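# Fold and contact review
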Amino acid sequence: MHQEYTVIEGDFVNAGKASSSVKKTLKQLNVEPGIVKRVVVALYEAEVNAIAHAYGGKVLVDIDSDKIKMVVADKGPGIPDIALAMQEGYSTARPEVRDMGFGAGMGLPNMQKNVDKLNVTSEVGVGTTVEMEVNF
Amino acid sequence: MFVHALKINEKKCIGCMRCLKACPTEAIRITGGKAYFQEHRCIDCGKCHETCPVDAIYINQDDFEMVHQFPHSVALIPAVFLGQFPEEIRVSRIYNALEDLGFRHVFEVESAANIYAEAKEHFARENPDIRPLISSFCPAIVRLIQIKYPSLVENITPIKAPLDISAIYCLQELQNRGIPREEIGLFYVTPCAAKIAAVKAPVGEKRSIIDGVINMDSLFNRTYRKIKEQGKNYIPKQSRTINLSSDAILSTLTNGERRICLAKNSYSIDGIQNVMDFLDKLENDEVEDVEFLELRACDQSCAGALLSYENRFLCGARMYARARKAAERERNGEVPREREMDKMKDYLLENSRVDAVQPRSMFVLDKDRSKAFEKMERINKLKAKLPQIDCGLCGAPTCESFAGDVVINRIGLSRCIFYQRHLERKNDITRQECLAAMNAVWGDDRMKEE
């Protein structure tokens, strides 16, 4: 099952649309509540990242009966040092984003914690793609 | 398996769709021109009851005559019951009238509010990893979480409601006086449908000790009539003072639990839509570090309950007035009556726990995930064919729920009038079949010829 969502730069109001819709689908599939929560938390972080740091992007979700694959691909500044960005508390968020309660430097580490597979690829000046997988 | 207090009177129901649209869990369908509950989805919140224009939705209650069958009948009344009466009628007068109606004992269930709060605190201390804790006070909320937010069931404090703790106390107290169980009748006067469902089919308990349930609005009628009959010069058989603490009086109102709980970061939220909006965010981890949630299905909590005759704000204001007087008495050193319960506190705390609340998700399409997956793909395909305007003419509240009904309950797709036109255009359906589909939802005699 394939689902697609568009995220727009700075559109914090709509952050969580993709993760809420995915949540409902997984509940219908009788996926264990703990796993649903991990998926939703990871996807929400990725959505917020694309909204806060990039110039928007796309969320692609593929659900099978035994796993979910999520790809959040943004057009944006990219991440120069992915290893550094994976560290808790490291953030390049602008002050106005932090004022909104985002950008605490927990995004990528939080995704890592909640998914079974995480792959981040990035090109500076072009964009970042976050691929995540969670097994049911 | 699912016991509900809300019932639909088929004779009165006009199949008008108001309840169909009002139900927060999409538990209502229209078939044959009448509304029906999908029982596994109903949480007894009573939104349908509020919106019904012909009073077709009613709340089942026990026969009042049952009260006379027990030499020691106990009226377990909620504090909001007293908030129904005009202010010039004193609390003791209402107690007397209830006794004259046949109750041997009158007991306000909020008397157990402090023991309930303490039981919650014990649980909070023993389980520091479970946060936020969600109050078990409102039974409609407990059921909402079971069916719609299964990941949050473990956050519900597995503690009996004050009503049940009060019932245990009354029973024990009377038995201690040597009165046999069969002579004791415990009657709960309920302000809402969810509490009845909770008594008849308690969550996390095998059965409740309550013997009967009486609707608050009907008892208000009886009591108020009695007081009017007795007139101004009535002299009560016994005079007394009833001093419930201010904390106890306010505990059923919004913020009533939160104001006496020890949690720093806590919220009190009333109104079922407000509760759902918050739980959606909580489930996504979008709100952090919340310690305690007081959630109530009704706007203004129990003052706005279904069977509250009085306006919710007037009822609330009267309760605040009573609480202010109680607070003044406490400051003057008077000991509230409910302190009598303290002598049984350890016993009550021990018996206030229930088993952990279990999820019973309304969303699950099939227990077998691959079958659920297959059903979902069929639902999604169907959904794409539907107009997405949620008109309700198929008898389901939304196009999405209709698609689910078609796949799961094998309802004919031609009940959708848009799809029907589409079939007609292709000559895939006869006029007779169209009429049959329409009648299946709206009944045979809706458009009688003159």
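Here the structure is a predicted model, which is why all the values come from computation and not from measurement.

### Considerations on the overall build of chain A
A count of helical and extended segments in chain A gives five helices and five strands. Listed N to C, the secondary structure of chain A is β-α-α-β-β-α-α-α-β-β in terms of helices and strands. A compact globule built from 136 residues should have a C-alpha radius of gyration of about 14 Å, and chain A, at 14 Å, falls within 12% of that. Over its C-alpha atoms, taken along the principal directions, chain A stretches across nearly 40 × 30 × 25 Å.

### Regarding the pairing of strand 9 (residues 212–215) of chain B
Residues and elements named next belong to chain B. The sheet contact formed by strand 8 (residues 184–190) and strand 9 spans four bridges and is parallel. Counterpart to T190 in the pairing with strand 9 is N215. What joins strand 8 to strand 9 is helix 8 (residues 193–200), and the crossover it makes is right-handed.

### Here we look at the environment of I179 of chain B
Residues and elements named next belong to chain B. Take I179: it is sitting in the loop between helix 7 (162–176) and strand 8. Each C-alpha atom of the pair I179 and P71 lies 9.6 Å from the other, and the pair is 108 residues apart in sequence. Residue contacts for I179: discarding those within four places in its chain leaves H72, L174 and I184.

### Regarding helix 8 of chain B
The buried count for helix 8 of chain B comes to seven of eight residues, which makes it a mostly enclosed element. If you check which residues of helix 8 of chain B are buried, you get A193, A194, K195, I196, A197, A198 and V199 of chain B.

### Points about the sheet that holds strand 3 (residues 67–75) of chain A
All names here are of chain A. The strand order across the open sheet formed by five strands is 1-2-3-5-4, and the pairing between neighbours is antiparallel. Here the strands that pair on one side only, and so sit at the sheet edges, are strand 1 (2–7) and strand 4 (117–123). Across this sheet, the average inter-strand angle for adjacent strands is 10 degrees, counted without regard to direction. Sheet analysis places strand 1 next to strand 2 (residues 57–63), joined by six bridges and oriented antiparallel. Bridge pairing links H2 to D62 in strand 2. Packed on one face of the sheet, helix 2 (residues 33–53) meets strand 1, strand 2, strand 3 and strand 5 (127–135) and runs near 10 degrees to strand 3.

### Notes on the interface of chain B and chain A
On the side of chain A, 18 residues touch chain B, which itself brings 20 residues to the contact. The set of elements that each furnish at least two residues to the side of chain B that touches chain A consists of helix 11 (272–283) and helix 14 (369–385) of chain B. The residue inventory of the side of chain B that touches chain A, partitioned by class, reads eight nonpolar, four polar and eight charged.

### What to know about the domain arrangement of chain B
Residues and elements named next belong to chain B. The domains assigned to chain B are domain 1 (1–58), domain 2 (64–350) and domain 3 (368–450). Taken together, the 12 residues of domain 1 in the interface contact 11 residues of domain 3. For the side of domain 1 that touches domain 3, the secondary structure elements donating two or more residues are helix 1 (18–22) and strand 2 (28–31). Among the elements that take part in the side of domain 1 that touches domain 3, strand 2 stands out by supplying four residues, more than any other. Of the residues contributing to the side of domain 1 that touches domain 3, the split by class is five nonpolar, four polar and three charged.

### Re the sheet that holds strand 7 (residues 133–134) of chain B
All names here are of chain B. Pairing in this open sheet of three strands is parallel, and the strands run 7-11-10 from one edge to the other. Only two strands of the sheet have a single partner each, and these edge strands are strand 7 and strand 10 (266–270). Strand direction decides the pairing type here: strand 7 and strand 11 (residues 292–296), joined by two bridges, are parallel. Residue pairing in the sheet places L133 in a bridge with F292 of strand 11.

### Comments concerning the nonpolar core
In this structure, L76, V189 and A194 of chain B are the most contacted members of the largest nonpolar core, which totals 157 residues. The dominant element in this core, judged by the number of residues it contributes, is helix 2 of chain A, at 12 residues. If near-sequence neighbours (up to four positions away) are discounted, V189 of chain B is found in contact with A75, L76, I77, P78, F81, I214, M216 and L219 of chain B.

Cut-offs used in this document
Residues numbered from 1 in each chain as written. Chains lettered and ligands numbered in written order. Predicted model: local features only at pLDDT ≥ 70, side-chain atom pairs only at ≥ 80, totals over all residues. Helix = DSSP H or I, 4+ residues; strand = E, 2+ residues; numbered from the N terminus. Rg over C-alpha atoms; globule rule 2.2 N^0.38 Å. Pairing = 2+ DSSP bridges. Right-handed = clockwise from strand over helix to strand, strands pointing away. Contact = placed C-beta atoms within 7 Å. Buried ≥ 20, exposed ≤ 12 C-beta atoms within 10 Å, placed from the backbone. Axes fitted to C-alpha atoms, helices over the stretch in contact; angles between N-to-C directions. Nonpolar A, V, L, I, M, F, W, Y, C, P; charged D, E, K, R; others polar. Domains from an automatic or database assignment. Core = buried A, V, L, I, M, F, W, Y, C linked by C-beta atoms within 7 Å.

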